[in-house]
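Take a look at the letters that make up each chain.
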Amino acid sequence: MDFQLVLDQINTELRPLLGTGGKVASYIPALARVSPLQFGIALRTCAGETAQAGDSAVPFSIQSMSKVFSLTLAIKALDEALWSRIGREPSGSPFNSLVQLETERGVPRNPFINAGAIAVADRLVSQADALPQLLRLLSGLCGEAVHVDAEVARSEADTGYRNAALANFMKGFGTLDNDVATVLDVYFHQCAIAMTCEQVACAAGYLCRDGQHPLAGPTVISATQTRRINALMLTCGTYDAAGEFAFRIGLPCKSGVGGGIVAVVPDRLTLCVWSPALDATGNSWLGRQALELFVAKTGLSVF
Ligand code: GLN
């Protein structure tokens, strides 16, 4: 299959739509300043073939896409024990919702909503060195140094009232072991990591390779652990739109409010799309259309 041709076609078809739909996330001021008129797409196959189009080399805030990689570190360190205080069910609610935490006694529905990712960050804080460990993992996976955008991190911390509420609420129920401010600091910084579509498509490569490193590095996680992360991405990776994503696209996906979406075609390739304007569920408006087109043109889907 000529993947470069496919991505070029998607870029040509969708670029005219830039600026006609969706809205850039405004609740994090540093993200509100990003131009919505950008679209990038990149993929990397299991064999290492790459293809890219549009703004695929422009760094953007990976936001909740970081939750896949923090979960990877936590699963690697704790395996089954991770699930004692974190669920594995789709939430059907917005990513920053507080509602279920009360009825479910401080146990977040899954590791990809904010509450769940904050609980994962807490487990990483217990292992020490959480943020440097995450940056090392990402840099090793994409073969290039990856950094936190300090301005975005500050902006998240300055306005992260809902995340602080989620963290304090969970702390009250005993879901978090560590100091709330320390855990939130890790969470805000992981969300503020900047990467390009090309870097993310490469870094996520272990997810289409049964946990094998996409470059020459050591095994990242086991094949079973990789299957589980893919299952969670499919069912929970795009929040209350996960059903719609499965219906329209049928690939494990993880989105972020920076406008990125990473998708996995098991045993074939990993793909990253980015366009900052979001739909009402906080997923990239054009990114979702790009994934739909990719699946329509290639027939690649887990179903
Ligand atoms: N940093 C964002 C937040 O905590 C991440 C949310 C997202 O990308 N969906 O609100």
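Note that the coordinates shown come from a computational prediction; the quantities given were computed from them, not determined experimentally.

Looking only at helices and strands, one finds 13 helices and ten strands in the chain. Here the chain has a C-alpha radius of gyration of 18 Å; the compact-globule value for 303 residues is 19 Å, and the two agree. The buried share among the 303 residues of the chain stands at 52%. Expressed as a percentage of contacts within the chain between residues at least 6 apart in sequence, the contacts between residues at least 24 apart total 68%.

The next subject is helix α8 (residues 161–173). With 13 residues, α8 should cover 18 Å at 1.5 Å per step; its first-to-last C-alpha distance of 19 Å lies within 8% of that length. Within α8, burial applies to N163, L166, A167 and M170. Buried residues of α8 fall within an arc of 95 degrees about the axis and therefore sit on the same side. In α8, the exposed residues that point more than 90 degrees away from the buried face are Y161, N168 and G172. Where α8 is buried, its residues meet α4 (99–103), α5 (114–127) and α9 (180–191). Positive phi shows up at G174, right after α8, with a value of about 85 degrees.

Attention shifts here to the site of the ligand. As a matter of local geometry, the ligand sits amid Q63, S64, F95, N96, N114, E156, N163, C191, G256, V257 and G282. Here the residues of the shell around the ligand sort into three nonpolar, seven polar and one charged.

On the UniProt side, "binding site: substrate" (unreviewed entry) is annotated at positions that read S64, N114, E156, N163, Y187, Y239 and V257 here. For N114, the location among the structural elements is in helix α5. The contact partners of N114, leaving out residues within four places of it in the chain, are F95, N96, N163 and L166. Judged by the 30 C-beta atoms lying within 10 Å of it, Y187 is buried.

Turning our eyes to something else, we now look at the confidence of the model for the chain. Of the residues in the chain, 100% reach a pLDDT of 70 or more, and the chain-wide mean stands at 97. Two numbers describe this predicted complex: its pTM, 0.97, and its ipTM, 0.96.

Right, let's talk about the environment of I75 for a bit. Mapped onto the fold, I75 is located in helix α3 (residues 66–78). Since 25 C-beta atoms lie within 10 Å of it, I75 is described here as buried. The spatial distance from the C-alpha of I75 to the C-alpha of A241 is 25 Å, given a sequence separation of 166 residues. Excluding residues that lie within four positions of it along the chain, I75 makes contacts with L82, I221, Q225 and I229.

Take the sheet that holds strand β8 (residues 260–265) next. Strand pairing in a sheet relies on backbone hydrogen bonds, with the paired strands running either antiparallel or parallel. Across the sheet, five strands lie side by side as β3-β2-β9-β8-β7; this open sheet has antiparallel pairing. Edge positions in the sheet fall to β3 (50–54) and β7 (253–255), since each has one partner strand and no second. Ignoring strand direction, the axes of neighbouring strands in this sheet form an average angle of 10 degrees. One ladder, built from three bridges, connects β7 with β8; its direction is antiparallel. Looking at the pairing, C253 lines up with A263 of β8. Sheet strands in contact with helix α13 (residues 285–298) are β2 (40–45), β7, β8 and β9 (269–274), and its direction is about 145 degrees off that of β9.

Moving on, we get to unusual backbone geometry. Negative phi values dominate among residues other than glycine, just as trans dominates among peptide bonds. Phi is positive for D79, close to 50 degrees, though the residue is something other than glycine. Examined against the element boundaries, D79 turns out to sit in the loop between α3 and α4. Residue D79 is classed as partly exposed on the basis of its C-beta count, with 14 C-beta atoms lying within 10 Å. If you check the backbone angles, D267 has positive phi at about 65 degrees while not being a glycine. For D267, a count of 10 C-beta atoms within 10 Å gives the class exposed.

What counts and what doesn't
Residues numbered from 1 in each chain as written. Predicted model: local features only at pLDDT ≥ 70, side-chain atom pairs only at ≥ 80, totals over all residues. Helix = DSSP H or I, 4+ residues; strand = E, 2+ residues; numbered from the N terminus. Rg over C-alpha atoms; globule rule 2.2 N^0.38 Å. Buried ≥ 20, exposed ≤ 12 C-beta atoms within 10 Å, placed from the backbone. Contact = placed C-beta atoms within 7 Å. Expected span 1.5 Å × (residues − 1). Arc of directions from axis to C-beta. Near = placed C-beta within 6 Å. Nonpolar A, V, L, I, M, F, W, Y, C, P; charged D, E, K, R; others polar. UniProt positions renumbered as here; feature names shortened; annotations may be inferred. pLDDT = per-residue confidence, 0-100. Pairing = 2+ DSSP bridges. Axes fitted to C-alpha atoms, helices over the stretch in contact; angles between N-to-C directions.

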